[in-house]
Structure formats: C-alpha cells, structure tokens
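Structure at a glance
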Amino acid sequence: MVTLLIDDKKIDVKEGTNLLRACLENDIYIPNLCYIKGMQNPPASCRLCFVEIEGEDHPIASCTVRVRDDMLVHTDTPRVRRLQKTALQLLLSVHDVDCKNCPANRKCGLQDMARFLKTALKSNRFDLFLKKNQVDQSHPFLDYYPNRCVLCGRCVYVCRDQQKLTELTFAQRGFNTVIGFFGNSQTIPPSCDRCRACAEVCPVAALLPKREI
Ligand code: SF4
Ligand code: SF4
Ligand code: FES
C-alpha cells in the first residue's frame, strides 16, 4: 500500500493503482468520461480528469498516473478547472446538443460534466463541426450516431476486454474518426444481439440497440 494526500485527505491505496481510480474509490470526485469503474488502464481520451500534483509543472490527466507514496494531489484548482472546462467544450464542439430529443437526456455524461463544472452545454468558444452522416444503421443490432459520440472508447473496451469480442473499433482518422463495426449480418455473432454491453456503457446514447429505438 502507498499513502497519499489528496486535497488534504489522507488515503491508503494499493501500489500501482491509477490515480483517478484511487480518487473515485475514496469518494474524491474528478470529472471523467472515458474511465469505467475498475479500469486499470483507461484510454485517456476525454482529457477531463486533470489534477495538479506537487512537483509537476503542469496539470496531468489523473488516469495516466500511478499512485506513489507521499504524493500530494490537488483536484480543485483554477488551472485544473480551466483545463477541464476547455476539454468539455472541445468535446461539445463536435457534438449535436439536442437534449430534448435525445435518449440520453437526464442520464448523460456530458450533462453531468457540465453541471459539475458549472458550464453551459452550448457555448460559442469553439466553432461547431458536425459530421454529415447522422446515423450509421449498417449493423444488424445497433445504430450509431456519430454526432453524439464523444469517442471515449468505452464501447470498444467492453466489447474487447469484457466480452472478448472485437465487433467495434475506431475507424477513419482525425475529425472524421468514428466508431466502426467489424463484420456484417452474416459474420456478427448472435450473442451481439443479447449483449448490449457497449450501448450500456456509452455515456451519451451514441450506440443504441435497434429494437429499442
Ligand atoms: S448526449 Fe447528452 S448533451 Fe448530447 S444531446 Fe443527448 S442529452 Fe444532450
Ligand atoms: S459510441 Fe459511446 S461509448 Fe462508444 S466511443 Fe462513442 S460515446 Fe464512447
Ligand atoms: S478519464 Fe482520464 S482522460 Fe478520460
């Protein structure tokens, strides 16, 4: 075990744990979207989980750091909050905010982050870029909405690491990056229809089982 001080709270954590997990499991909240409970190596894609660590020049994504003895961590500084708000606004700059018509309304990761950071879902700080394709219906059991997807990677993770399947992947590059489906109606395993793990972990209703729509 190692002992660290987070916002003046002393916690004991198993050596090797990532700092975000250590905080969340000790009731110290840090905004996050790409982390799933218990995940040891999050993809670090959302850039929301910044903290300041004494001895480091810049805030750092807490899910990328391993705890160490005597670490001094601050989760609520002006620099941290500024970076978290910027990260959220960047995610929202490629997101079609239409909460009234969205299945995620009131159980949405973006709404939770905006509420916690006391910031609006719509701002004009960054230009809005939306993809042309509103929905990908090529999968026999799932529909995918690119303009809701925050590319957190949770769906890819649960499919691969928990279900031991490789049905989902990141496809294309840069601004055009989307979640893509492997296979077609002939090759996709029937278990995919019953599984729904990817849709369940999606924080923004970007992946939905077809028959629920
Ligand atoms: S995913 Fe969340 S923020 Fe986006 S439209 Fe739906 S409810 Fe609103
Ligand atoms: S579909 Fe959902 S879970 Fe998958 S990357 Fe997009 S937002 Fe994340
Ligand atoms: S939780 Fe750390 S970058 Fe997403």
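Residues numbered from 1 in each chain as written. Chains lettered and ligands numbered in written order. Predicted model: local features only at pLDDT ≥ 70, side-chain atom pairs only at ≥ 80, totals over all residues.

A few words on the overall build of the chain. The secondary structure content of the chain amounts to 6 helices and 9 strands. Computed over the C-alpha atoms, the radius of gyration of the chain is 18 Å, within 12% of the 17 Å expected from 2.2 N^0.38 for a compact globule of 213 residues. Dimensions of the chain, computed from C-alpha atoms along their principal axes, come out at roughly 55 × 40 × 30 Å. Put simply, the chain has 213 residues, and 33% of those count as buried. A fraction of 59% describes how many contacts in the chain between residues 6 or more apart in sequence connect residues 24 or more apart. (Helix = DSSP H or I, 4+ residues; strand = E, 2+ residues; numbered from the N terminus. Rg over C-alpha atoms; globule rule 2.2 N^0.38 Å. Buried ≥ 20, exposed ≤ 12 C-beta atoms within 10 Å, placed from the backbone. Contact = placed C-beta atoms within 7 Å.)

By nearness alone, 13 residues border ligand 2, and Cys-149, Cys-152, Cys-155, Cys-202 and Ala-206 come closest of all. Looking at side-chain class alone, the shell around ligand 2 contains 11 nonpolar, 1 polar and 1 charged residues. (Near = placed C-beta within 6 Å. Nonpolar A, V, L, I, M, F, W, Y, C, P; charged D, E, K, R; others polar.)

One finds Cys-46, Val-150, Cys-155, Cys-198 and Leu-207 to be the most contacted residues of the largest nonpolar core, which totals 50 residues. Looking at this core element by element, the count peaks at 6 residues for helix H2 (residues 78-92). Each of domain 1 (14-130) and domain 2 (142-212) contributes no fewer than three residues to this core. Those residues in contact with Cys-155 that sit more than four places away from it in its chain are Leu-168, Ile-179, Cys-198, Val-201, Cys-202 and Leu-207. (Core = buried A, V, L, I, M, F, W, Y, C linked by C-beta atoms within 7 Å. Domains from an automatic or database assignment.)

Here the chain is partitioned into domain 1 (14-130) and domain 2 (142-212). When each unit is reduced to the centre of its C-alpha atoms, the spacing between domain 1 and domain 2 is 22 Å. Every contact between the two is made by 17 residues of domain 1 and, on the other side, 14 residues of domain 2. Its residues assigned to classes, the side of domain 1 that touches domain 2 comprises 13 nonpolar, 3 polar and 1 charged.

Pairing between strand S3 (residues 50-53) and strand S4 (residues 60-61): 2 bridges, direction antiparallel. The residue bridging Val-51 from the neighbouring strand is Ile-60, located in S4. Counted along the chain from S3 to the antiparallel partner S4, the turn is 6 residues long, and its residue Gly-55 has a positive phi close to 100 degrees. Here S3 runs beside strand S5 (residues 72-74); their pairing, made up of 2 bridges, is antiparallel. What sits directly across from Glu-52, in S5, is His-74. (Pairing = 2+ DSSP bridges.)

With respect to topology, 5 strands assemble into an open sheet ordered S2-S1-S5-S3-S4, the strand pairing being mixed. Of all strands in the sheet, those with a lone pairing partner are strand S2 (9-13) and S4, marking the two edges. Looking at chain direction, strand S1 (residues 2-6) and S2 are connected through 5 bridges and run antiparallel. Note that in S2 the partner of Leu-4 across the bridge is Ile-11.

Let's shift gears to the site of ligand 1. Taken together, 14 residues surround ligand 1, and among them Cys-99, Cys-102, Cys-108, Leu-110 and Val-204 come closest. A per-class count over the shell around ligand 1 returns 9 nonpolar, 3 polar and 2 charged. Both domains that furnish three or more residues to the shell around ligand 1 are identified here as domain 1 (14-130) and domain 2 (142-212).

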